[in-house]
Amino acid sequence: MLTAGLGLKPAHFAEALADTSAGLWFELHPENHLVDGGPRLAWLQAVGERHPLSLHGVSMSLAGFDRPDPSHLLRLSALVQQLNPALVSEHLAWCTWGGQVLPDLLPFVRDDAALARTATHIDEAQQALGRRIAIENPSHYITLPGHTWREPDFMNELVRRTGCGLLLDVNNVYVSAHNLGFDAARMLRAYDADAVMEIHLAGHHADPQLGAQLLIDGHDTPVSEAVWQLYADLITDIGPRPTLIERDDQLPDFATLMRERNRAHALLLANEVPA
């Protein structure tokens, strides 16, 4: 059973391969591994023989005006077939425009047109990959005018229309709630609990210029105590789900990451329903 996992970083390949912790799994960005062979792919296959893997995409641009790139989906499908990951996920965002790829996960106005467009793109992706994917809620830094759907309702409707799942990022909800002024716990309760396939936990930091007025989802600090509390309440409400500790910058050693991972693992076990 998948409990808590870590992002798989090259600096930690050897330790990840050697670790035998129960329920441990590893997540990676597939865009870094869309190759026909070589040492990096061989390492992934070796780790995948010891631990479940998850592919967390950053470039499908599901909410964009352009349809997902068929050549990208073809290469991603080949990687999925090679690694047979336990989970595949992508962000509710856009990052392409007119064939150009932008280095960010960008927000959009949640209206009926965006809902129809995003649902069509999710259908294309799931058909190309031959499996259900989970869609992650984004972090927000500004209020966009024109929304006609609340984010949880928008994502729940995507689940209804496409059969996709949800990747619920608790830190993203916390950061967005702080920046836009809504209640994080109430927002978490609005997502379709049955559709949650995975949970993410990460750290954030205050903006260098604006300070604590604006929080940045940096994945560069330990998970905050406020996010841990939201997470504990969430899994008490909906039950255990595979949970990832995300750390992409200011990377500590493997043992430090495992301590955070083990905290999530213990919370998940504490919320298991006895057989």
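Relevant structure appears above.
All values derive from a computational prediction rather than experimental measurement.

(A) Here's a closer look at the state of the cysteines. In this structure the tally under the stated criterion is 0 disulfides. The thiol of C95 is not disulfide-bonded; the next cysteine sulfur, from C164, is found 17 Å away. The exposure class of C95 is buried, given its relative accessible area of 2%. Given the relative accessible area of 0%, C164 is considered buried.

(B) Representation of the pairing of strand β3 (residues 53–56) within the structure. Both faces of β3 are covered, namely the face carrying L53 and L55 and the face carrying S54 and H56. For the crossover that starts at strand β2 (residues 25–28), traverses helix α2 (residues 39–50) and ends in the parallel β3, the hand is right-handed. One ladder, built from 3 bridges, connects β3 with strand β4 (residues 87–91); its direction is parallel. Paired with S54 across the two strands is L87, which belongs to β4. Read from β3 through helix α3 (residues 70–83) to β4, the crossover connection turns out right-handed.

(C) Examining helix α6 (residues 170–180) more closely. Across the 11 residues of α6, 8 count as buried, placing the element largely inside the fold. Of the surrounding elements, those touching the buried residues of α6 are β7 (134–136), β8 (165–169), α7 (184–189), β9 (196–202), β11 (211–216) and α8 (225–238). At the exit of α6 stands G181, carrying a positive phi of roughly 85 degrees.

(D) Representation of the side chain of T162 in the model. Structurally, T162 is set in helix α5 (residues 151–162). Separated by 2.7 Å, the side chain of T162 and the backbone oxygen of L158 make a polar contact. For T162, the contacting residues outside a window of four places in its chain are A119, I122, D123 and Q126.

(E) Quick look at the sheet that holds β3. An order of β1-β2-β3-β4-β7-β8-β9-β12 is seen for the 8 strands of this closed barrel, with the pairing classed as parallel. For this sheet the average axis-to-axis angle between neighbouring strands, irrespective of direction, equals 30 degrees. Two elements, β2 and β3, share 3 bridges in a ladder whose sense is parallel. Its bridge partner being in β3, L28 is matched across the sheet by L55.

(F) Layout of the side chain of R247. Among the structural elements, R247 can be located in the loop between β12 (243–246) and α9 (254–270). Of the side chains with opposite charge, E260 comes closest to the buried, unpaired R247, at an N-O distance of 4.5 Å. Of note is the side chain of R247, whose polar atom sits 3.3 Å from the backbone oxygen of D220. Of note is the side chain of R247, whose polar atom sits 3.2 Å from the backbone oxygen of D249. Discounting chain neighbours no more than four positions away, the residues touching R247 are K9, H219, D220, T221, P222, P252 and L257.

(G) Inspection of the packing of aromatic side chains at higher detail. Throughout the structure, instances matching the rule amount to 5 aromatic pairs. Between F13 and W43 the ring centres are 5.6 Å apart and the planes differ by 20 degrees, which places this aromatic pair in the stacked class. Of this pair, F13 sits in helix α1 (residues 13–18) while W43 sits in helix α2; the two residues are 30 residues apart in sequence, bridging distant segments of the chain. Judged by relative accessible area, which is 33%, W43 ranks as partly exposed. Here the aromatic residues F65, W94 and W97 are joined through ring pairs into a cluster of three or more. The aromatic ring of F65 is capped on one face by R117, whose charged end is 4.2 Å from the ring centroid.

(H) Highlighting α5. With 12 residues, α5 ought to run about 16 Å at 1.5 Å a step, and its terminal C-alpha atoms sit 16 Å apart, in line with that. Most of α5 sits inside the fold, with 9 of its 12 residues counted as buried. All of the buried residues along α5 are E151, P152, F154, M155, N156, E157, L158, V159 and T162. Buried-residue contacts for α5 involve α4 (112–129), β7, β8 and α7. Just past α5, the residue G163 takes up positive phi, approximately 80 degrees.

Criteria and thresholds
- Residues numbered from 1 in each chain as written.
- Predicted model: local features only at pLDDT ≥ 70, side-chain atom pairs only at ≥ 80, totals over all residues.
- Heavy atoms only, no water.
- Disulfide = S-S within 2.5 Å.
- Buried < 20%, exposed > 50% of the residue type's maximum accessible area, 1.4 Å probe, protein only.
- Helix = DSSP H or I, 4+ residues; strand = E, 2+ residues; numbered from the N terminus.
- Right-handed = clockwise from strand over helix to strand, strands pointing away.
- Pairing = 2+ DSSP bridges.
- Contact = heavy atoms within 4.5 Å.
- Polar contact = N/O pair within 3.5 Å; in protein donor to acceptor, adjacent residues only side chain to side chain.
- Axes fitted to C-alpha atoms, helices over the stretch in contact; angles between N-to-C directions.
- Lys, Arg positive; Asp, Glu negative; His and termini not counted.
- Salt bridge = Lys/Arg side-chain N within 4 Å of Asp/Glu carboxyl O.
- Phe/Tyr/Trp six-rings, centres within 6.5 Å; stacked < 30°, edge-to-face > 60°.
- Lys NZ or Arg CZ within 6 Å of the ring centre and 35° of its normal.
- Expected span 1.5 Å × (residues − 1).

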